[in-house]
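Here is what each chain is made of, one letter per residue.
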Amino acid sequence: MASEAGIATSPDETRTIHKLRMRIIPFVFVLYIISFLDRINISFAALTMNKELAITSKQFGWVAGIFFFGYFLFEIPSNLMLHKIGARIWIACILITWGFLATLTGLVHSVQQLYVVRFLLGLAEAGYFPGIALYLTYWFRQRDQAQAIALFLAGIPVTSILGSPVSGFLLDHVHWMNVSSWRWLLILEGFPAVVGGVLTYFLLPSWPAEAKFLNQKEKDWIAAELAREGREKLASHNISAGKALLNKRVWHLGLIGFTLNTGMYSMNFWMPQLVKSLANGISNSLIGLLVMIPHLVGLPVMVMVSRSSDRKQERRFHAAIPAITAGIALASLGATHSVFLTILLLSFAALGIYSVYGPFYSLPGDFLTGFAAASGIALVSSLANLGGFAGPYATGWISEKTGSLYGGLTVAGVSLFASATLMLLLPRRLRSKAA
């Protein structure tokens, strides 16, 4: 193992990090696009599905949100399994399972059946995001993680950039064998997960030691750097996997994630229906193109903010300021019924929300390592994804009571203000304060 002095002056450091980004990030990024599409494509299916199955706004809130109950239950055990048996096998199993369940979603005939399949889909998909958040800590140092996570999570806006026009087109044009277009949408968009699972088994290395694209010197350097960081974390505060689940900083981060995801999923699940309510008579294909715009705006800003966060080694303000921006945008939607101004406000909401994720999800790795990182990251993600239920359900419930989506989206904006406040209450460095 190289000495720390040798590591610090390694002439291959920049090239090695670039190689990791080019070989690891694109693959998990594509898989995340598949993952996120399979959880939010129900928002486009709803444009015709809700009428066919007689689904009310409140029931659709349950359809969107019940996914995250299953997600919540299985994230921690899934991450512990990934850390034990490796990402290649575990992630492949996750993808194939959720791919089959995603296609089954297109075969339901009642809202009750839809509840069951969406719950099972969340259970199956639960391990992917927290698993990859953990997986990236096996390859990237703390100083490089915000940008690595943001490049991976860029799959969120990219999913909508690509998926929105495709979903709108499928709704308008695919009615094969007299089967409803929303069914084909869910079936066709679920199948890539199965293909991705097979490719994962053959292409995704579990650890740097398995990476054929690295030479031995690069493998030794990564191992030495991560081992050094691990020793620093243990010297600062030795947290076991069990203690990580009781650690107050882990729960604090989970609450930040909960309030953040309340806003993000409210926006994503209800955006197509909001745009449709403002522009009656337009095609689903055009709705898909309009919904694409906010995500297209949010993508480059997300990457720039994460890059700045890594360069300055600052997380709190890089997350809090975008969250405040997004909160103001969502809370202001009720002030206009113009399609142009609504898309503009949604663009500010998207760029704000997406910019939070890179700095935020680099924080658990600041003080957790090993099995503690596996359980701690999973707990943060589990609590965060409960916001995926709370936001869409609250928006649907308020919409049914008031006849308008604006009240629910205002609540989502307030939730983002709470997220920013909780972020600013964190200490500047978690590692020294984790006790």
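What counts, and where the lines are drawn
Residues take numbers from 1 onward in each chain, read along the sequence in its written order. Confidence filtering applies because this is a predicted model: local features only for residues at pLDDT of at least 70, side-chain atom pairs given and counted only at 80 or more, and all residues used for totals across whole chains, interfaces and linings. Side-chain numbers here rest on the full set of heavy atoms in the structure, without hydrogens or water. Patches here are clusters of residues that have more than 30% relative accessible area and form no salt bridge, with a 9 Å joining cutoff for like charges and a 5 Å cutoff for nonpolar side chains (Val, Leu, Ile, Met, Phe, Trp, Tyr). Surface exposure here means Shrake-Rupley accessible area, sampled with a 1.4 Å probe, where a residue is shielded only by the protein chains that are shown. Any carboxyl oxygen of Asp or Glu within 4 Å of a side-chain nitrogen of Lys or Arg constitutes a salt bridge here. Strands are runs of DSSP state E lasting at least two residues, helices are runs of H or I lasting at least four, and both sets are numbered from the N terminus onward. Aromatic rings from Phe, Tyr and Trp, with only the six-membered ring used for Trp, were paired whenever their centres fell within 6.5 Å, and each pair was classed as stacked if the ring planes differed by under 30 degrees, edge-to-face if by over 60, and tilted otherwise. Relative accessibility thresholds used throughout: buried, under 20% of the residue-type maximum; exposed, over 50%; partly exposed, between the two (1.4 Å probe, protein chains only). The term nonpolar core refers to a set of buried residues drawn from Ala, Val, Leu, Ile, Met, Phe, Trp, Tyr and Cys, joined through side-chain atoms within 4.5 Å. Contact criterion: two residues are considered in contact whenever any of their non-hydrogen atoms come within 4.5 Å of each other. Angles here are taken between N-to-C directions and fall from 0 to 180 degrees, while the axes themselves are lines fitted to C-alpha atoms, restricted in helices to the stretch in contact. Note on angle classes: values under 35 degrees are labelled roughly parallel, values over 145 roughly antiparallel, values of 65 to 115 roughly perpendicular, and the remainder oblique. Throughout, the ten residues Ala, Val, Leu, Ile, Met, Phe, Trp, Tyr, Cys and Pro are labelled nonpolar, Asp, Glu, Lys and Arg are labelled charged, and all others, Gly among them, are labelled polar. Each polar contact in these results corresponds to two N or O atoms within 3.5 Å; when the atoms are within protein, one needs to be able to donate a hydrogen and the other to accept it, and residues that are neighboring in sequence are counted only if both atoms are side-chain atoms.

Another point: a nonpolar patch on the surface. On the surface, Met81, Ile85, Ile89, Phe191, Val195, Val198, Leu199, Tyr201, Phe202 and Leu203 cluster together into a nonpolar patch covering about 920 Å² of accessible area. Taken together, the elements giving at least two residues each to the nonpolar patch come down to helix H5 (57-85) and helix H11 (181-203). In terms of residue count, H11 provides more of the nonpolar patch than any other element does, seven residues in total. Tracing the backbone through its elements, the reader meets phenylalanine 202 in helix H11.

Our focus in this paragraph is the packing of aromatic side chains. Scanning all chains against the criterion turns up 29 aromatic pairs. Pairing tryptophan 62 with phenylalanine 69 gives two aromatic rings, centres 6.3 Å apart and planes at 40°, and the pair type is tilted. Exposure remark for tryptophan 62: the relative accessible area of 29% places this residue in the partly exposed category. For phenylalanine 69, a relative accessible area of 30% corresponds to the partly exposed category.

Right, let's get into the nonpolar core. Ranked by internal contacts, the top residues of the largest apolar core, which has 131 residues, are Trp98, Tyr128, Trp139, Leu153 and Ile353. Counting residues per element, this core draws most heavily on helix H14 (residues 248-278), which supplies 13 residues. Ignoring anything within four residues of it in the chain, the contact list for leucine 153 reads Tyr32, Phe129, Met302, Tyr357 and Tyr361.

Two numbers describe how helix H3 (residues 25-40) lies on H14: the axes approach to 10 Å, and their chain directions differ by 70°. By the angle class used here, H3 and H14 are roughly perpendicular. Taking contact as the criterion, the partners of Phe36, Arg39 and Ile40 in H3 are, on H14, Met264, Tyr265, Asn268 and Phe269. Of the residues contributing to the contact of H3 with H14, the split by class is five nonpolar, one polar and one charged.

What follows covers helix H4 (residues 42-52). With eight of 11 residues buried, H4 lies mostly within the body of the structure. All buried positions along H4 are accounted for by Ile42, Ser43, Phe44, Ala45, Ala46, Leu47, Met49 and Asn50.

Residue position: threonine 56 is located in the loop between H4 and H5. On the basis of relative accessible area, threonine 56 is assigned to the partly exposed category, the value being 36%. Sequence separation between threonine 56 and glutamine 216 is 160 residues; the distance between their C-alpha atoms is 59 Å.

In this section: the pattern of salt bridges. Enumeration over the complete set of coordinates arrives at nine salt bridges. A salt bridge links arginine 141 to glutamate 13; the shortest N-O distance between them is 2.9 Å. Residue arginine 141 is found in the loop between helix H8 (128-136) and helix H9 (142-153), and its partner glutamate 13 is found in helix H2 (residues 13-23); the two are separated by 128 residues along the sequence. Each of Glu13, Arg141, Asp144, Glu225 and Arg228 takes part in one network of salt bridges that share partners.

Right, let's talk about the side chain of arginine 315 for a bit. Mapped onto the elements, arginine 315 comes out in the loop between helix H15 (284-312) and helix H16 (316-331). A distance of 3.4 Å separates the side chain of arginine 315 from the backbone oxygen of glutamine 142, its partner in a polar contact. In this structure arginine 315 touches Gln142, Ala146, Ser309, Asp310, Pro359, Ser362 and Leu363, once residues within four positions along its chain are discounted.

Turning our eyes to something else, we now look at the environment of glycine 396. Checked against the element boundaries, glycine 396 lands in helix H18 (residues 370-402). Judged by relative accessible area, which is 0%, glycine 396 ranks as buried. C-alpha of glycine 396 to C-alpha of lysine 58: the two residues are 338 residues apart in sequence and 4.6 Å apart in space.

In short, shape yes, function no, at least from these values alone.
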